[in-house]
Amino acid sequence: MLEVKHLAKHFGEKAAVKNVSFQVNQGDAFGLLGPNGAGKSTTISMITGLLSPDEGEISMHGKTMRKHPKFLKQRIGLVPQTIALYDMMNARENLEFWGTVYGITGSALKDNVNWCLQVAGLEDNSKQLVKKYSGGMQRRLNIAVGMIHRPEVLIMDEPTVGIDPQSRNHILETVKNLNRQGVTIIYTSHYMEEVQFLCERLAIMDHGQVIAYGDLNDVRQLAGTLATITIDTQGDLTALVAELQQDLSLKQVQNKEGALVMQSTNAASAVSKAVLAMSRHGLQPTKINVEEPNLESAFLHLTGRQLRDGWDGASA
Ligand SMILES: Nc1ncnc2c1ncn2[C@@H]1O[C@H](COP(=O)(O)OP(=O)(O)OP(=O)(O)O)[C@@H](O)[C@H]1O
Ligand SMILES: [Mg+2]
């Protein structure tokens with residue numbers, strides 16, 4: 001539906017984006033993940049037509065930005081990294097203003113404004129001046145403004161930066177809700193947890209390049225990291241552990257304080273193998289825990305660096 005091919009952008013000597021390609025499908029929640037300065041905002045500015053690329057092409061439904069900028073701009077909404085609202089107006093007036101900028105009037109404008117207020121959960125505060133809003137509410141209105149022309153794709157540039165965890169959760173739920181209603185989302189973040197929560201497909205950017213791209217699970221697997229499986233049970237594990245250690249698809253099989261612990265690239269198959277073997281040894285699983293590899297380990301594996309602390313890590 002939306003395709004980005006071989007995008008490149010320089011600022012003077014600085015190559016901010018180098019040969020970036022990816023595809024976003026209709027209905028996707030697509031994550032664009034990368035550390036500070038990776039080139040995420042520059043990429044987004046090109047997709048929204050705010051910056052023209054030095055090289056490469058953006059197209060939507062087969063039409064290119066170069067030839068059909070209006071077609072694309074009507075179908076793409078942007079939630080900018082910095083809040084862009086008139087704080088001396090209320091939420092409804094802000095939405096009406098931006099709707100008019102898009103040429104929407106009359107009952108269509110009213111419908112769109114109401115829909116935006118509802119999705120952002122601001123119906124009860126629509127008459128309040130924006131300067132009286134909390135940071136989280138301003139962020140939500142910022143998202144609503146990006147949707148005023150009912151775009152097919154909503155691109156969000158780090159919409160949760162600088163807000164408290166509760167507002168963050170509210171925003172994540174808002175985005176999930178929008179996606180459920182059929183809006184395609186491109187979600188930019190340097191928080192792994194957000195992308196893992198919202199997105200089924202993603203691209204990881206670093207130093208202007210895409211270094212990993214695909215389904216969330218594929219990208220996690222790409223890291224070569226293994227899921228850790230822990231199965232609690234009662235009884236003697238010695239013979240069971242010895243047997244499972246012979247299975248080459250299972251790694252690090254051990255008895256850890258009476259629990260069976262092992263690693264595998266395929267957690268589901270490992271669990272079923274272990275449970276079958278346990279029943280042969282007369283053991284009953286009492287609790288099974290699977291810890292899948294995460295994007296943090298994928299990023300670390302790909303770059304040798306840590307992306308950034310997650311929000312829990314940051315607030316803990
Ligand atoms: N207008 C500009 N002029 C010069 N350099 C720029 C400009 N915009 C971005 N850059 C540089 O291009 C690189 C990519 O920046 P960009 O803002 O796209 O990164 P980002 O991934 O959005 O980072 P952040 O997470 O900090 O928002 C950075 O090194 C940045 O300093
Ligand atoms: Mg940015």
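Residues numbered from 1 in each chain as written. Chains lettered and ligands numbered in written order. Predicted model: local features only at pLDDT ≥ 70, side-chain atom pairs only at ≥ 80, totals over all residues. Heavy atoms only, no water.

### Structural notes on helix α3 (residues 91-101)
Taken together, the buried positions of α3 are Ala 91, Asn 94, Leu 95 and Gly 99. Here the buried residues of α3 occupy an arc of 130° about the axis, which is enough to place them on one side. Where α3 is buried, its residues meet α4 (106-119) and α5 (135-146). In this structure Asn 90 caps α3, since a side-chain oxygen of it lies 3.1 Å from the backbone nitrogen of Arg 92. (Buried < 20%, exposed > 50% of the residue type's maximum accessible area, 1.4 Å probe, protein only. Helix = DSSP H or I, 4+ residues; strand = E, 2+ residues; numbered from the N terminus. Arc of directions from axis to C-beta. Contact = heavy atoms within 4.5 Å. Polar contact = N/O pair within 3.5 Å; in protein donor to acceptor, adjacent residues only side chain to side chain.)

### Side note on the sheet that holds strand β7 (residues 153-157)
In spatial order, the strands read β6-β7-β8-β3-β9-β10; together these six strands make up an open sheet with mixed pairing. The outermost strands of the open sheet, each flanked by one partner alone, are β6 (76-79) and β10 (209-215). Taken pair by pair, the neighbouring strands of this sheet meet at an average axis angle of 15°, ignoring direction. The pairing of β7 with strand β8 (residues 184-189) spans five bridges and is parallel. Looking across to β8, one finds that Met 156 is bridged to Tyr 187. Helix-sheet contacts for α5 involve β6 and β7, and the interaxial angle to β6 is about 160°. Sheet strands in contact with helix α11 (residues 295-303) are β3 (29-33), β9 (201-206) and β10, and its direction is about 40° off that of β9. (Pairing = 2+ DSSP bridges. Axes fitted to C-alpha atoms, helices over the stretch in contact; angles between N-to-C directions.)

### Remarks on a nonpolar patch on the surface
Taken together, the side chains of Tyr 86, Phe 97 and Val 101 make up a nonpolar region of the molecular surface, amounting to roughly 280 Å² of accessible area. Of note, Phe 97 is situated in helix α3. (Patch = residues over 30% accessible without salt bridge, like charges linked within 9 Å, V, L, I, M, F, W, Y side chains within 5 Å. Areas by Shrake-Rupley, 256 points an atom, 1.4 Å probe, with all protein chains shown as cover. Salt bridge = Lys/Arg side-chain N within 4 Å of Asp/Glu carboxyl O.)

### Focus on the confidence of the model for the protein chain
With 95% of its residues at a pLDDT of 70 or more, the protein chain has an overall mean of 89. Mean pLDDT per element in the protein chain: helix α12 (residues 311-315) is the minimum at 37, and strand β1 (residues 2-11) is the maximum at 97. Low pLDDT, under 50, characterises residues 309-316; the stretch is placed with 10 contacts to residues that sit more than four places away or in other chains. (pLDDT = per-residue confidence, 0-100.)

### Thoughts on the domain arrangement of the protein chain
Domain boundaries in the protein chain define domain 1 (2-221) and domain 2 (226-291). Each of domain 1 and domain 2 has a C-alpha centre, and these two points are 43 Å apart. (Domains from an automatic or database assignment.)

### Brief notes about the pairing of β10
Here β9 runs beside β10; their pairing, made up of six bridges, is antiparallel. When the bridges of β10 are listed, Ala 203 appears paired with Tyr 213.

### Points about the packing of aromatic side chains
Considering all chains together, one arrives at four aromatic pairs under this definition. An aromatic cluster of three or more residues is present, and its members are Phe 22, Phe 30 and Tyr 213. Taking the ring centre of Tyr 191 as reference, the NZ or CZ of Arg 168 above it sits at 4.3 Å. Sitting over the ring of Phe 197, Lys 176 keeps its end group 4.3 Å from the ring centre. (Phe/Tyr/Trp six-rings, centres within 6.5 Å; stacked < 30°, edge-to-face > 60°. Lys NZ or Arg CZ within 6 Å of the ring centre and 35° of its normal.)

### Re α11
Buried within α11 we find Leu 295, Glu 296, Ser 297, Ala 298 and Phe 299. The positive-phi residue at the C-terminal boundary of α11 is Gly 304, with phi of around 75°.

### Overview of the side chain of Ser 167
Summarising the element assignment, Ser 167 is placed in helix α6 (residues 165-180). A distance of 2.9 Å separates polar atoms of two side chains, one belonging to Ser 167 and the other to Asp 164.

### Some words on the site of ligand 1
The full set close to ligand 1 counts 14 residues, and Asn 36, Gly 37, Lys 40, Thr 42 and Glu 158 are the nearest of them. Taking Lys 40, its side chain carries an N or O atom lying 2.8 Å from an oxygen atom of ligand 1. When ligand 1 is considered free in solution it has 630 Å² of accessible area, and contact with the protein chains removes 63% of it. A per-element tally of the shell around ligand 1 places helix α1 (residues 40-47) first, with three residues. Across the shell around ligand 1, the residue classes tally to four nonpolar, seven polar and three charged. (Near = heavy atom within 4 Å. Nonpolar A, V, L, I, M, F, W, Y, C, P; charged D, E, K, R; others polar.)

### Description of the coordination of the magnesium ion (ligand 2)
Every protein donor of the magnesium ion (ligand 2) is accounted for by Ser 41 (OG) and Gln 81 (OE1), and the metal-donor separations fall at 2.0 to 2.4 Å. Pair noted here: Ser 41 is in helix α1 and Gln 81 is in the loop between β6 and α3, with a separation of 40 residues, a long-range link. (Donors = N, O, S within 2.8 Å, 3.2 Å for Na, K, Ca; no water.)

### Remarks on the pattern of salt bridges
Following the criterion strictly, the structure yields seven salt bridges and no others. Residue Lys 9 pairs with Asp 54 through a salt bridge whose shortest N-O separation is 3.7 Å. One end of the pair, Lys 9, is in strand β1; the other, Asp 54, is in the loop between α1 and β4 (55-60), with 45 residues separating them in the sequence. A salt bridge links Arg 280 to Glu 243, with the nearest nitrogen and oxygen atoms 2.5 Å apart. Pair noted here: Arg 280 is in helix α10 (residues 267-280) and Glu 243 is in helix α9 (residues 238-244), with a separation of 37 residues, a long-range link.

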